[in-house]
Amino acid sequence: MDHFELRGGVLHAEDVPLTKIAEEVGTPVYVYSRATLIRHARVFRDALSGVNKPHIAFAVKSNPNLAVLKVLQQEGYGADVVSGGELVRALAADMAPQDIVFSGVGKTHDELLQGLRANIGQFNIESEEEGYELASIAARYGMTARCALRVNPDVDARTHEKISTGKAENKFGVPIDRAAEIYANLADQDGMDMRGIAVHIGSQLSTLEPLETAFVKVGKLVQELRDAGQKVTHVDLGGGLGVPYKAGEIMPSPAEYGAMVARVTKDWDVALSFEPGRVIAGNAGILLTRVIRVKRSSNASPFIVVDAAMNDLARPAMYGAWHDIEAVAPKGGKMNAHVVGPICETGDTFAMNRDLDVLESGDLAIFRTAGAYGATMASSYNSRGFVAEVLVDGDKFAVVADRLPAADIMAAERVPDWL
Ligand code: LLP
């Protein structure tokens, strides 16, 4: 459930008409609902009531806006970070270092050191090589790295191939059948506190079975490690729960996910942690856009050219992803149209042959489910600026990321004096 609803014929974010945000901030603009973020954070936590003291680390990559992180920090969430930049953001949002987990297949020497210096809760190690490097840095500075070994369970998550991470051919984690040996090697290193296992098989998962298959494999590994005399006190089950992008689409609920987790892990005797991103932020945000013009050059469906483009919302161009599109002030009728951005490539298409609310030049429209992997994936392609972001709370709103004009981006560039 979210708080983007029609009231008196106008779409509102909580109690704020989207027309007001468009007037004051301009378009395109991402709009997040604080009440929706809080609701999702609580629903996810409540879903884990069958799990002993779950640790929840919001996947910062899904929405790294500082205000969004702050809302989640106030809900007791930690952070799953994948770069030094995300680590700085999590700390800036006052997330406690021990509540931060550092994932990612390519942490650099400097990033490993940055994590150690910040005394973060856990590194999720993605390879034996990374483990040795982290151990040597930690030992050199007299520090200890609390670590989980990320395993690749070779399970097909049945999601888009670009966001599937748990098959043997994917770059993530160590093969699960080599995990016990690698774990033992790393546990022997000075500076290492090997304390558990991490797994994350992919994103936007529409069924729980692949997750359960992966978790059962992890459970067997935990037993195998203990039988071999290793300490295993923590397991990180990652994120991945899908959300509905189309009205009426059914996804596994957090409650069903939580019940499955409680059942599969009941005898593990570990502290469990989770890294949800999309399920928290996805439906807590929309992208507000204005129709530049409607182009009718043939008898076929017209092109509705909006002022948002693939640089602002990359998911349709990158994954062929669907986002529901609605008029902010529906006039009643429907039309069939293609919805495209102004960028000079055909991939800058949000929808083809879509039945939509009637939209005309100057009208406002929204892309739903844009709170996760939206603004965070923006670029300045075609020398378009970076899109602005707004957070709504009841009847008030604030700009939480300024629009970064193309001129400011150009200001960071130099023409060398030898040209
Ligand atoms: N943990 C790890 C290690 C991850 O790699 C990810 C997402 C998450 C947690 C959070 O997964 P979530 O709960 O959000 O599914 N840009 C793509 C999604 C990429 C997901 C990358 N990893 C998209 O727009 O669909």
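Residues numbered from 1 in each chain as written. Predicted model: local features only at pLDDT ≥ 70, side-chain atom pairs only at ≥ 80, totals over all residues.

1. A short note on the UniProt feature "binding site: pyridoxal 5'-phosphate" (unreviewed entry) in the protein
Note the cut-off: UniProt positions are given in the numbering used here, feature names are shortened, and annotations may be inferred rather than shown by experiment. Counting from the N terminus, the helices are the DSSP runs of H or I reaching at least four residues and the strands are the DSSP runs of E reaching at least two. Here contacts are defined at the residue level, using C-beta atoms placed from the backbone and a cut-off of 7 Å between them.
The feature "binding site: pyridoxal 5'-phosphate" (unreviewed entry), as annotated in UniProt, sits at Gly240, Glu275, Pro276, Gly277, Arg278 and Tyr373 in this numbering. With respect to the helices and strands, the residue glycine 277 is situated in the loop between strand 13 (271–274) and helix 10 (278–281). Structurally, arginine 278 can be placed in helix 10. Setting aside residues up to four positions removed in sequence, arginine 278 forms contacts with Ser62, Ser203, Gln204, Val243, Ala372 and Tyr373.

2. Things to note about the site of the ligand
Rules: Here is the check we use: build the C-beta atom from the backbone, and if it is within 6 Å of the molecule or strand, call the residue near.
The ligand sits among 22 residues. The nearest are Ala59, Ser203, Gly239, Gly277 and Tyr373. If you list the elements that add at least two residues to the shell around the ligand, you get helix 10 and helix 11 (315–319).

3. Here we look at the packing of helix 6 (residues 128–140) against helix 7 (residues 179–187)
Rule in force here: All axes here are fitted lines through C-alpha atoms, helices being fitted over the stretch that makes contact, and every angle between N-to-C directions spans 0 to 180 degrees. Small angles under 35 degrees read as roughly parallel and large ones over 145 as roughly antiparallel, with 65 to 115 read as roughly perpendicular and the rest as oblique. The classification used treats Ala, Val, Leu, Ile, Met, Phe, Trp, Tyr, Cys and Pro as nonpolar, Asp, Glu, Lys and Arg as charged, and all other residues, Gly among them, as polar.
Relative orientation of the contacting elements helix 6 and helix 7 amounts to 10°, with a least axis distance of 10 Å. With respect to each other, helix 6 and helix 7 are oriented roughly parallel. When helix 6 is examined against helix 7, the residues Glu128, Gly131 and Ala135 are found in contact with a partner set consisting of Ile182, Asn185 and Leu186. Of the residues in the contact of helix 6 with helix 7, the class split is three nonpolar, two polar and one charged.

4. Considerations on the sheet that holds strand 1 (residues 4–7)
The cut-off we apply is this: Only when DSSP finds a minimum of two bridges between them are two strands counted as paired.
Spatially, three strands are ordered 1-2-3 in an open sheet, and the strand pairing comes out antiparallel. Both edges of this open sheet fall to strand 1 and strand 3 (16–17), since each of them pairs with a single strand only. Bridge analysis of strand 1 against strand 2 (residues 10–13) gives four bridges, and the strand direction is antiparallel. For leucine 6, the partnering residue across the bridge sits in strand 2 and is leucine 11.

5. Side note on helix 2 (residues 34–47)
In plain terms, the rule: By definition here, a helix of n residues has an expected span of 1.5 Å times n minus one. Exposure criterion: with C-beta atoms placed from backbone coordinates, a residue whose C-beta has 20 or more other C-beta atoms within 10 Å is buried, one with 12 or fewer is exposed, and one in between is partly exposed.
Across its 14 residues, helix 2 extends 20 Å between first and last C-alpha, which sits within 8% of the 20 Å expected from 1.5 Å per residue. Looking at helix 2, one finds that the buried residues are Arg34, Thr36, Leu37, His40, Ala41, Phe44 and Ala47.

6. Some words on the pairing of strand 15 (residues 303–306)
Side chains Ile304 and Val306 project from strand 15 onto a buried face, and the interleaved Phe303 and Val305 project onto a face without burial. In this structure, strand 14 (residues 285–295) lies alongside strand 15, joined through four bridges in antiparallel fashion. Looking at strand 15, one finds that valine 291 is bridged to valine 306.

7. Observations regarding the packing of helix 4 (residues 84–92) against helix 5 (residues 109–118)
Which entries qualify depends on this criterion: Each crossing gets its handedness from the near helix: less than a right angle anticlockwise from the far helix is left-handed, clockwise is right-handed.
The geometry of helix 4 relative to helix 5 is characterised by a closest axis approach of 10 Å and an angle of 20° between their N-to-C directions. As summarised for this structure, helix 4 and helix 5 are arranged roughly parallel, according to the angle between their axes. Judged by the twist between their axes, the crossing of helix 4 over helix 5 is left-handed. In this structure, helix 4 contributes Gly84, Leu87 and Leu91 to the contact, and helix 5 contributes Asp110, Glu111, Gln114, Gly115 and Ala118. Grouping the amino acids of the contact of helix 4 with helix 5 by side-chain chemistry returns three nonpolar, three polar and two charged.

8. A closer look at the domain arrangement of the protein
Stated precisely, the cut-off is as follows: Boundary definitions for the domains trace back to an automatic or database domain assignment.
Taken domain by domain, the protein comprises domain 1 (4–31 + 282–410) and domain 2 (34–278). The distance between the C-alpha centroids of domain 1 and domain 2 comes to 32 Å. Listing elements by their share of the side of domain 1 that touches domain 2, those giving two or more residues are strand 20 (388–393) and strand 21 (396–401). With four residues, strand 20 is the single largest residue contributor to the side of domain 1 that touches domain 2. Split into classes, the residues belonging to the side of domain 1 that touches domain 2 amount to 11 nonpolar, six polar and four charged.

9. Section: the UniProt feature "modified residue: N6-(pyridoxal phosphate)lysine" (unreviewed entry) in the protein
Per the UniProt entry, the sites bearing "modified residue: N6-(pyridoxal phosphate)lysine" (unreviewed entry) are Lys61 in this numbering. Relative to the helices and strands, lysine 61 resides in the loop between strand 5 (55–59) and helix 3 (66–74). Taking the C-beta count within 10 Å as the criterion, lysine 61 has 21 such neighbours and is therefore assigned buried. With residues near it in sequence (within four places) discarded, lysine 61 still touches Val82, Glu86, Gly277 and Thr376.

10. Looking at unusual backbone geometry
Of note, the bond from threonine 27 into proline 28 is cis; its omega dihedral lies within 30 degrees of zero at -5°. Looking at the secondary structure, you find proline 28 in the loop between helix 1 (18–25) and strand 4 (29–33). Positive phi, close to 40°, is recorded for lysine 53, a residue that is not glycine. By the secondary structure assignment, lysine 53 is in the loop between helix 2 and strand 5. Lysine 53 gets classed as exposed once you count the C-beta atoms within 10 Å, which come to 8. Of note, threonine 369 is a non-glycine position whose phi angle comes to about 55°, a positive value. Topologically, threonine 369 is positioned in the loop between strand 19 (364–367) and strand 20. By the C-beta count within 10 Å, which is 27 here, threonine 369 ends up buried.

11. Some points on the nonpolar core
Selection rule: Each nonpolar core comprises buried Ala, Val, Leu, Ile, Met, Phe, Trp, Tyr and Cys residues, the members being joined through C-beta atoms within 7 Å.
Counting 116 residues, the largest nonpolar core has Val31, Leu149 and Ile197 as the members making the most contacts within it. Among the elements that make up this core, the one with the highest residue count is helix 8 (residues 209–227) (seven residues). In this structure, valine 31 is in contact with Ala13, Leu18, Ile21, Gly285, Ile286, Leu288, Val390 and Val392, ignoring residues within four places of it in sequence.

12. A word on helix 5
Where we set the bar: Starting at the helix axis, one direction is taken to each C-beta atom, and the arc is that of these directions.
What helix 5 keeps buried is the set Glu111, Leu112, Gly115 and Leu116. What you see down the axis of helix 5 is that its buried residues fit within an arc of 140°, all on one side. Across from the buried face of helix 5, at angles greater than 90 degrees, the exposed residues are His109, Asp110 and Arg117. Lining the buried residues of helix 5 we find helix 4, strand 7 (100–102), strand 8 (122–125), helix 6 and strand 9 (145–152). Directly after helix 5, the chain includes asparagine 119, whose backbone phi takes a positive value near 60°.

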